[in-house]
Amino acid sequence: MRCPQCGRETPDTASFCIRCHATLRFVCPACRHPQDHGGTCDACGADFEKYLEVLGTRMVEQAEAERRRARARASLLRQVLLLPLTGGLSLLKYFHDRMQGK
Ligand SMILES: [Zn+2]
Ligand SMILES: [Zn+2]
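This structure is a prediction, so every number in the text was calculated from the model and none was measured.

1. Notes on the environment of Cys 28
Then, number 1: Following the sequence through the fold, Cys 28 ends up in the loop between strand 1 (26-27) and strand 2 (34-35).
Then, number 2: Separated by 19 residues in the primary sequence, Cys 28 and Asp 47 place their C-alpha atoms 8.7 Å from one another.
Then, number 3: Not counting chain neighbours up to four residues away, the residues in contact with Cys 28 comprise His 33, Cys 41, Cys 44, Ala 46 and Phe 48.

Below, the structure is given as structure tokens:
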């Protein structure tokens, strides 16, 4: 394959030109079809930029959901950590009461 930018002969497997680093191979984000130009996919017609935009918002939503999950986990962890404290206090109270002869 010849680089369309500088004309350098590059191996067919290369994704970037070894001399000017121009992108030689674009892989469709929707169907993984490899082609030598960006824009729209030759195989499924997906618009690369639009598709990546949608993918980007989906990733942001996923990160937000992950954050929410982590927060829920943290509060659960706090409850578990507080459990021996509250349990220990009632135990202390029990021994205190016994020592008072109640
Ligand atoms: Zn080049
Ligand atoms: Zn495609």
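Once the structure has been displayed, the description carries forward.
2. Some words on the coordination of the zinc ion (ligand 1)
Then, number 1: Bound to the zinc ion (ligand 1) on the protein side are Cys 3 (SG), Cys 6 (SG), Cys 17 (SG) and Cys 20 (SG), at distances that span 2.3 Å.
Then, number 2: In the primary sequence, the donor residues of the zinc ion (ligand 1) line up as C-x2-C-x10-C-x2-C. Residue Cys 3 is found in the segment before strand 1, and its partner Cys 17 is found in the segment before strand 1; the two are separated by 14 residues along the sequence.
Then, number 3: Cys 17 gets classed as buried once you look at its relative accessible area, which sits at 1%.

3. Considerations on the coordination of the zinc ion (ligand 2)
Then, number 1: At 2.2 to 2.3 Å from the zinc ion (ligand 2) lie its protein donor atoms, namely Cys 28 (SG), Cys 31 (SG), Cys 41 (SG) and Cys 44 (SG).
Then, number 2: Each of the 4 donor atoms around the zinc ion (ligand 2) contributes to a set of angles spanning 104 to 112°, which defines the coordination as tetrahedral.
Then, number 3: Written as a sequence motif, the donor residues of the zinc ion (ligand 2) are C-x2-C-x9-C-x2-C.

4. Brief notes about a nonpolar patch on the surface
Then, number 1: A contiguous nonpolar patch, built from Leu 82, Leu 85, Leu 89 and Leu 92 and spanning about 420 Å² of accessible area, is present on the exposed surface.
Then, number 2: Note on placement: Leu 82 falls in helix 1 (residues 48-99).

5. Re the pattern of salt bridges
Then, number 1: Enumeration over the complete set of coordinates arrives at 6 salt bridges.
Then, number 2: For Arg 67, the salt bridge identified is with Glu 64, shortest N-O distance 2.8 Å. Of this pair, Arg 67 and Glu 64 both sit in helix 1, 3 residues apart, roughly one helical turn.
Then, number 3: Owing to a relative accessible area of 30%, Glu 64 belongs among the partly exposed residues under this scheme.
Then, number 4: The partner of Glu 66 in a salt bridge is Arg 73, with the nearest N and O atoms 3.7 Å apart.
Then, number 5: Glu 66 sits in the partly exposed class, given a relative accessible area of 37%.

6. Some words on helix 1
Then, number 1: With 52 residues, helix 1 extends 76 Å from end C-alpha to end C-alpha; this agrees with the ideal 76 Å at 1.5 Å per step.
Then, number 2: The axis of helix 1 is deflected most strongly, by about 30°, at Leu 82, and proline Pro 84 appears within four residues downstream.
Then, number 3: Backbone geometry just after helix 1 places Gly 101 at a positive phi near 80°.

7. Brief notes about the side chain of Gln 35
Then, number 1: Considering the arrangement of structural elements, one finds Gln 35 in strand 2.
Then, number 2: Classification of Gln 35 by relative accessible area gives buried; the value is 6%.
Then, number 3: Polar contacts involving the side chain of Gln 35 include one to the main-chain amide nitrogen of Asp 42, which spans 2.8 Å.
Then, number 4: In contact with Gln 35, not counting residues within four places along its chain, are Leu 24, Arg 25, Phe 26, Thr 40, Cys 41, Asp 42 and Phe 48.

Reading the values: the criteria
Residues numbered from 1 in each chain as written. Chains lettered and ligands numbered in written order. Predicted model: local features only at pLDDT ≥ 70, side-chain atom pairs only at ≥ 80, totals over all residues. Heavy atoms only, no water. Helix = DSSP H or I, 4+ residues; strand = E, 2+ residues; numbered from the N terminus. Contact = heavy atoms within 4.5 Å. Donors = N, O, S within 2.8 Å, 3.2 Å for Na, K, Ca; no water. Buried < 20%, exposed > 50% of the residue type's maximum accessible area, 1.4 Å probe, protein only. Tetrahedral: all angles 85-135°; square planar, octahedral: opposite > 155°, others 65-115°. Patch = residues over 30% accessible without salt bridge, like charges linked within 9 Å, V, L, I, M, F, W, Y side chains within 5 Å. Areas by Shrake-Rupley, 256 points an atom, 1.4 Å probe, with all protein chains shown as cover. Salt bridge = Lys/Arg side-chain N within 4 Å of Asp/Glu carboxyl O. Expected span 1.5 Å × (residues − 1). Bend = angle between axes of the 7 residues up to and from the residue. Polar contact = N/O pair within 3.5 Å; in protein donor to acceptor, adjacent residues only side chain to side chain.

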